[in-house]
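What follows is the residue order along each chain.
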Amino acid sequence: MMKSSITTLVLFILLATSSGIVQSADIPISKFGGVPNSDITQALANAWNEACQSATASKIMIPSGQYRMKAVAVKGPCKAPIELYVDGTIIAPPNPKDLNNEWQWVKFEYVDFLTISGSGVFDGQGATAWKLNDCGKNPNCARLSMNFGFNFVKHSVVGSITSKDSKNFNVNVLGCQNFTFDGFKISNPGNSINTDGIHMGRSTDVKILNTNIATGDDCISIGDGSVQTTISNVKCGPGHGISVGSLGKFTTELPVQDLMVKQVTFTNTDNGLRIKTWPSAPGTSPITGLTYQDITMINVKNPIIIDQEYCPWNQCSKQSPSKIKISNVTFKNIRGTSGTQEGVSLICSSGVPCEGVVLSDVDLTFNGSPATAVCRNAKPMIQGKSPQCTAPKA
Ligand SMILES: *[C@@H]1O[C@H](CO)[C@@H](O)[C@H](O)[C@H]1NC(C)=O
Ligand SMILES: *[C@@H]1O[C@H](CO)[C@@H](O)[C@H](O)[C@H]1NC(C)=O
């Protein structure tokens with residue numbers, strides 16, 4: 001009897017181990033006084049410290065209910081994997097000043113094997129901040145915090161939580177590696193200022209999967225040093241689309257390479273697939289190896305746009321061409337409706353023309369007729385139903 005139950009136990013442990021079940025210790029936030037309708041800033045910091053010191057995996061739990069939270073910065077390295085499970089709604093202070101001039105409201109740094117799960121909501125209470133945002137005109141404008149910062153985080157997953165009404169970008173990803181968003185949601189009104197969905201830079205192997213993004217700015221923006229990026233099964237709108245760039249402002253920038261964007265639907269966005277670089281700028285790091293395929297456009301103003309003369313609000317000179325070489329960019333099976341006649345616009349640099357651009361089955365309509373393509377300093381290979389290039393109007 002005794003012997004057989006030990007055998008059963010040993011068998012169970014073997015099975016549990018081989019099937020990947022790892023025991024993790026639960027750390028409810030209430031252990032540190034974090035109860036609904038309270039401010040959990042300190043409770044979360046304390047729970048993180050306990051989890052981070054633990055030699056075995058742990059799971060910090062924030063159950064359903066509303067909580068207030070000020071700026072939180074949690075740091076690794078930690079001794080074992082940590083899961084942050086959130087079912088509650090966590091609310092930021094509406095006044096930007098109450099976030100102590102932090103770049104981000106919730107910041108994770110130098111952590112490996114982090115998982116954020118649950119169906120919780122991080123509500124940045126951005127409406128007050130959007131009204132104050134004068135950064136388009138005032139270079140010394142007050143700092144508005146982003147909802148999330150992930151800095152130097154590796155082998156980590158952000159699951160089905162929601163980022164809502166950020167004061168600024170929703171998420172910034174910097175220096176990360178093997179970092180996945182899966183089932184994530186971003187929810188901001190279309191008229192909210194500068195609320196980019198996910199911005200990334202200097203990161204390798206970032207995946208954005210099964211994610212819905214509604215913003216007042218870029219859904220996803222891909223900054224310098226983004227390598228091996230995958231975006232798949234994403235819904236984008238309202239917003240300004242998926243952008244590479246803008247690039248070229250600084251000589252310290254790194255190349256953007258190996259981007260795969262597939263199964264994305266854009267609905268009523270300003271742009272769809274965009275690459276933008278500044279003219280008269282010193283940066284030279286190339287952009288290469290981009291594939292966009294199986295994309296649906298629903299009333300998108302500029303479905304496909306390469307703009308190497310990107311100069312919003314005329315804040316730059318177009319005297320000299322962009323020094324950034326764009327090459328090996330494939331647009332394949334791109335369908336739907338354009339909000340303007342020119343569904344495809346490839347305005348490349350006269351100094352370093354685009355190379356290896358392919359338009360394959362780009363089938364877009366404007367008011368029921370085929371949309372056109374305008375190209376300058378680009379000679380794309382045209383395949384299937386795609387439009388031939390015409391010269392842009394002077
Ligand atoms: C990437 O991260 C995931 C999630 O933590 C992990 O399971 C996987 O082993 C990592 N892959 C590599 C190649 O390190
Ligand atoms: C672009 O693709 C061609 C053909 O596959 C390859 O020879 C070339 O090295 C690529 N360019 C860059 C900058 O990677």
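Chains are numbered independently. Their residues run from 1 in the order of the written sequence. Each chain is given a letter, starting from A, and each ligand a number, starting from 1, according to the order in which they appear as written. The predicted nature of this model means local features are confined to residues of pLDDT at least 70 and side-chain atom pairs, given and counted, to a pLDDT of 80 or more, with totals for whole chains, interfaces and linings taken over all residues. Side-chain measures were taken over the full set of non-hydrogen atoms in the model, leaving aside hydrogen atoms and water.

- In the annotation of an unreviewed UniProt entry, the protein is listed under the name Polygalacturonase-like and assigned to Arachis duranensis.
- UniProt positions are given in the numbering used here, feature names are shortened, and annotations may be inferred rather than shown by experiment. Its UniProt record gives the protein a comment under Sequence similarities (unreviewed entry), which states: "Belongs to the glycosyl hydrolase 28 family."
- As stated in UniProt under Subcellular location (unreviewed entry), the record for the protein gives "Secreted, Cell wall".

1. Structural notes on the site of ligand 1
- The near set for a molecule or strand comprises every residue that places at least one heavy atom within 4 Å of it. Around ligand 1 lies a shell formed by Phe113, His155 and Asn178.
- Polar contact criterion, stated in full: a pair of N or O atoms within 3.5 Å, where within protein one must be able to donate a hydrogen and the other to accept it, and residues adjacent in sequence count only if both atoms are side-chain atoms. Here an oxygen atom of ligand 1 sits 2.7 Å away from a polar atom, N or O, in the main chain of His155.
- Here Asn178 contributes a side-chain N or O atom positioned 2.4 Å from an oxygen atom of ligand 1.
- In these tables, accessible area is a Shrake-Rupley quantity obtained with a 1.4 Å probe, and a residue counts as shielded only by the protein chains included in the view. A total of 360 Å² of accessible area belongs to ligand 1 in isolation, and the protein chains cover 40% of it.

2. Concerning the UniProt feature "active site" (unreviewed entry) in the protein
- Taking the UniProt record as the reference, the feature "active site" (unreviewed entry) is found at His240.
- A run of H or I in DSSP counts as a helix once it spans at least four residues, and a run of E counts as a strand once it spans at least two, with each numbered from the N terminus. You can see His240 is positioned in the loop between β19 (227-236) and β20 (242-247).
- Polar contacts involving the side chain of His240 include one to the main-chain carbonyl oxygen of Gly216, which spans 3.3 Å.

3. Some points on the state of the cysteines
- Any pair of cysteine sulfurs within 2.5 Å is marked as a disulfide. The tally for this structure, following the rule as stated, stands at four disulfides.
- Put simply, Cys348 and Cys354 are joined by a disulfide, and their sulfur atoms are 1.9 Å apart. Across the disulfide from Cys348 to Cys354, rotation about the S-S bond amounts to roughly -90 degrees, and the bridge is consequently left-handed. Of the two residues, Cys348 and Cys354, neither departs from the other in class, the shared state being buried.
- The disulfide partner of Cys375 is Cys389, and the S-S distance across this bridge is 1.9 Å. Judged by the sign of its S-S torsion, about -65 degrees, the cystine formed by Cys375 and Cys389 is left-handed. Using a 1.4 Å probe on the protein chains alone, a residue whose accessible area is under 20% of its type maximum counts as buried, one over 50% counts as exposed, and one in between counts as partly exposed.

4. Thoughts on the side chain of Thr195
- As for its placement among the helices and strands, Thr195 is situated in the loop between β15 (185-187) and β16 (198-201).
- Looking at Thr195, the relative accessible area reads 0%, which means it is buried.
- Residue contacts for Thr195: discarding those within four places in its chain leaves Trp130, Ser166, Asn168, Phe169, Asn170, Asn188, Thr215, Gly216 and Asp217. Any two residues having at least one pair of non-hydrogen atoms within 4.5 Å are treated as being in contact.

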